[in-house]
Amino acid sequence: MSKFLMFISLSLFLASCQNSPTNKAENSIHSVTSPISIDSMGLTLIHEHMLVDFIGADSINSDRWNRDSVTAKVLPYLMEVKKHGVRTILDCTPSYLAKDPLLLKALSEKSGIQILTNTGFYGAVGGKYLPDFVQTETAEQLAERWIAEFENGIEGTGIKPGFIKISVNEADPLSAIDQKLVRAAAITHLNTGLTIASHTGTWNTAIQEVRILQEMGVKPSEFVWVHAQAEEDFENYRKAAELGVWISLDGIGWAIDPYVDRLVFAKENGILGNVLISHDAGWYDPAKPGGGDFQPFTNIFEKLIPILTEKGFSDQDWNQLLVKNPKKAFALGR
């Protein structure tokens with residue numbers, strides 16, 4: 001066992017000793033199998049995908065994939081990353097892109113990894129993955145749908161979301177539809193406590209979302225700036241951290257080099273406490289034979305950690321990025 005995994009194991013043991021039955025319920029979050037203690041999340045990957053179907057909202061249908069086939073393909077990758085100490089994964093596949101809570105439940109039960117799914121809609125790619133009713137419904141009506149999933153479960157499954165996932169297009173100003181999605185997310189958060197993770201890109205777009213949330217009474221610390229690795233001006237990371245925004249560097253499954261400099265900057269400037277990391281890896285694609293090639297969830301452990309450890313990152317830094325920050329970012333009612 002590596003020094004880092006030994007450190008994580010000790011940290012988790014101490015956390016479990018500090019958990020009392022009286023505070024367990026108020027510190028819980030919904031996984032796809034049951035409510036779990038926020039302190040049980042442990043080593044967490046905050047942005048991964050088991051299944052994604054890019055056919056579009058007008059054609060998506062669960063008949064396009066077989067759950068048993070997807071499970072057989074994905075499970076070995078979950079077992080592989082479990083060996084690195086991962087206890088929790090947030091599946092970021094949104095509605096109308098093949099979000100399948102029952103598949104995630106089966107994968108969680110078979111792997112022993114806690115999996116969280118989401119509520120919300122994906123507005124990027126020109127609205128290809130938005131159902132038609134998004135055009136006519138108000139932000140309040142969209143939020144009612146998402147709040148109902150939190151209260152009653154997703155599409156009759158009884159499985160409840162652990163966070164809100166939306167996305168917007170890069171634009172200044174944001175389109176009316178994208179602004180509506182952000183407002184719907186704000187209303188949902190205010191009624192549920194769920195953290196808002198938004199597929200975004202550059203800070204110029206993210207700050208527009210933050211301003212809308214602030215106008216609606218949502219703290220920036222409830223917002224995860226997804227795909228912040230698209231930002232080229234590192235000083236904007238400092239600005240985001242000063243506001244309390246979570247800076248999500250989440251494409252590590254596909255490259256390593258762009259993340260090294262960003263994380264070194266974060267450490268040197270004292271903002272690691274606002275950074276989240278993940279792979280955005282996977283995934284089974286129903287449009288490809290056998291689900292296509294699957295990108296593993298292991299680059300952080302096998303490539304990034306050795307590189308940055310040589311540059312002075314400590315076990316405490318990795319604990320901050322992979323245990324403390326996810327727990328703080330996605331806890332309800334902070």
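The model shown is predicted, which means the values in this text are computed figures rather than measured ones.

Observations regarding the packing of aromatic side chains
- Under the defined criterion, the tally for this structure stands at 14 aromatic pairs.
- Ring geometry for tyrosine 96 versus phenylalanine 121: centroids 5.8 Å apart, planes at 65 degrees, classification edge-to-face. Here phenylalanine 121 lies in the loop between strand S6 (118-119) and helix H5 (133-136) and tyrosine 96 lies in the loop between strand S4 (86-91) and helix H4 (101-111), a separation of 25 residues in the sequence.
- The partly exposed category is assigned to tyrosine 96, whose relative accessible area is 28%.
- Judged by centre distance (5.5 Å) and plane angle (65 degrees), the ring pair of phenylalanine 234 and phenylalanine 265 falls under edge-to-face. Placement of phenylalanine 234 in the loop between strand S9 (223-226) and helix H9 (235-243) and of phenylalanine 265 in helix H10 (residues 257-268) is noted, with a sequence separation of 31 residues between them.
- According to the relative accessible area criterion, phenylalanine 265 is buried, its value standing at 12%.
- Clustering of aromatic rings is evident, with ring pairs tying together Trp203, Trp225, Phe234, Tyr237 and Phe265.
- Across the ring face of phenylalanine 133, the terminal group of arginine 145 is positioned such that the distance to the ring centre comes to 3.6 Å.

Observations concerning the packing of helix H6 (residues 139-152) against helix H7 (residues 176-192)
- Running from amino to carboxyl end, H6 crosses H7 at an angle of 45 degrees, the nearest separation of the two axes being 8 Å. Classified by the angle their axes make, H6 and H7 are oblique. For the pair H6 and H7, the sense of crossing is right-handed. In this structure, H6 contributes Ala139, Glu140, Leu142, Ala143, Trp146, Ile147 and Phe150 to the contact, and H7 contributes Lys180, Leu181, Arg183, Ala184, Ala185, Ile187, Thr188, Asn191 and Thr192.
- Class assignment for the residues of the contact of H6 with H7 results in ten nonpolar, three polar and three charged.

Observations regarding the pairing of strand S10 (residues 246-249)
- Residues Trp246 and Ser248 point to one face of S10 and Ile247 and Leu249 to the other, with burial holding for every one of them.
- Alignment of S9 against S10, held across two bridges, turns out to be parallel. Across the sheet, residue valine 224 finds its bridge partner in S10, namely tryptophan 246.
- In terms of handedness, the path from S9 via H9 over to S10 forms a crossover that is right-handed.
- Two elements, S10 and strand S11 (residues 275-277), share three bridges in a ladder whose sense is parallel. Counterpart to serine 248 in the pairing with S11 is leucine 276.

Thoughts on the side chain of serine 198
- Along the chain, the position of serine 198 falls in strand S8 (residues 196-199).
- Here serine 198 is in contact with Ile166, Ser167, Val168, Glu209, Phe223, Val224, Trp225 and Val226, once residues within four sequence places are set aside.

Comments concerning the packing of H10 against helix H11 (residues 299-310)
- Two numbers describe how H10 lies on H11: the axes approach to 11 Å, and their chain directions differ by 45 degrees. Judged by the inter-axis angle, H10 sits oblique to H11. Considering how the two elements wind past one another, H10 and H11 form a crossing that is right-handed. Contacts between H10 and H11 involve Val260, Leu263 and Val264 on the former and, on the latter, Leu304, Ile307 and Leu308.

Things to note about the pattern of salt bridges
- Enumeration according to the criterion identifies seven salt bridges in this entry.
- Glutamate 137 is the salt-bridge partner of arginine 145, the closest N and O atoms lying 2.7 Å from each other.

Quick look at the sheet that holds S11
- Judged by pairing direction, the sheet is parallel, and its six strands sit side by side in the order S6-S7-S8-S9-S10-S11 without closing on themselves. Of all the strands in the sheet, just S6 and S11 have a single pairing partner and so form its edges.
- Bridging between S8 and S9 involves four bridges; their strand directions are parallel. Its bridge partner lying in S9, isoleucine 196 is registered against phenylalanine 223.
- Across the sheet, helix H8 (residues 203-215) is in contact with strand S7 (163-167), S8 and S9; its angle to S9 comes to roughly 165 degrees.

Some points on the environment of asparagine 274
- Looking at the secondary structure, you find asparagine 274 in the loop between H10 and S11.
- Excluding anything up to four places from it in sequence, asparagine 274 contacts Ala241, Gly244, Val245, Trp246, Ile247 and Asn325.

Thoughts on the layout of surface pockets
- A volume near 360 Å³ is recorded for the largest pocket.
- As for the largest pocket, its lining consists of 20 residues, of which Ser95, Tyr96, Lys99, Glu149 and Glu155 are closest to the centre.
- For the lining of the largest pocket, the secondary structure elements donating two or more residues are H4 and H6.
- The dominant element in the lining of the largest pocket, judged by the number of residues it contributes, is H6, at three residues.
- Within the lining of the largest pocket, the residues separate by chemical class into ten nonpolar, four polar and six charged.

What about the confidence of the model for the protein chain?
- Overall, the predicted model of the protein chain reaches an average pLDDT of 93, with 92% of residues at or above 70.
- A low-confidence stretch, residues 9-25 stays under pLDDT 50, and its non-local contacts, those more than four residues away or across chains, total seven contacts.

A short note on the sheet that holds strand S5 (residues 114-116)
- The strand order across the open sheet built from three strands is S3-S4-S5, with neighbouring strands paired in parallel fashion. This sheet does not close on itself; its edge strands, each paired only once, are strand S3 (43-48) and S5. Neighbour-to-neighbour, the strand axes of this sheet turn through a mean angle of 20 degrees, independent of strand direction.
- Looking at chain direction, S3 and S4 are connected through four bridges and run parallel. Within S4, the position partnered with leucine 45 by the bridge is isoleucine 89.
- Where helix H12 (residues 315-330) meets the sheet, its contacts fall on S3 and S4, and the angle it forms with S3 comes to roughly 60 degrees.

Parameters and conventions
Residues numbered from 1 in each chain as written. Predicted model: local features only at pLDDT ≥ 70, side-chain atom pairs only at ≥ 80, totals over all residues. Heavy atoms only, no water. Phe/Tyr/Trp six-rings, centres within 6.5 Å; stacked < 30°, edge-to-face > 60°. Helix = DSSP H or I, 4+ residues; strand = E, 2+ residues; numbered from the N terminus. Buried < 20%, exposed > 50% of the residue type's maximum accessible area, 1.4 Å probe, protein only. Lys NZ or Arg CZ within 6 Å of the ring centre and 35° of its normal. Axes fitted to C-alpha atoms, helices over the stretch in contact; angles between N-to-C directions. Parallel < 35°, antiparallel > 145°, perpendicular 65-115°, else oblique. Left-handed = near helix turned anticlockwise from the far one by under 90°. Contact = heavy atoms within 4.5 Å. Nonpolar A, V, L, I, M, F, W, Y, C, P; charged D, E, K, R; others polar. Pairing = 2+ DSSP bridges. Right-handed = clockwise from strand over helix to strand, strands pointing away. Salt bridge = Lys/Arg side-chain N within 4 Å of Asp/Glu carboxyl O. 1 Å grid on protein atoms, 1.4 Å probe; cavity = no way out; pocket = protein on both sides within 12 Å on 5 of 7 lines; lining within 4 Å. Points joined across faces, edges and corners; volume = space filled by probe spheres on them. pLDDT = per-residue confidence, 0-100.

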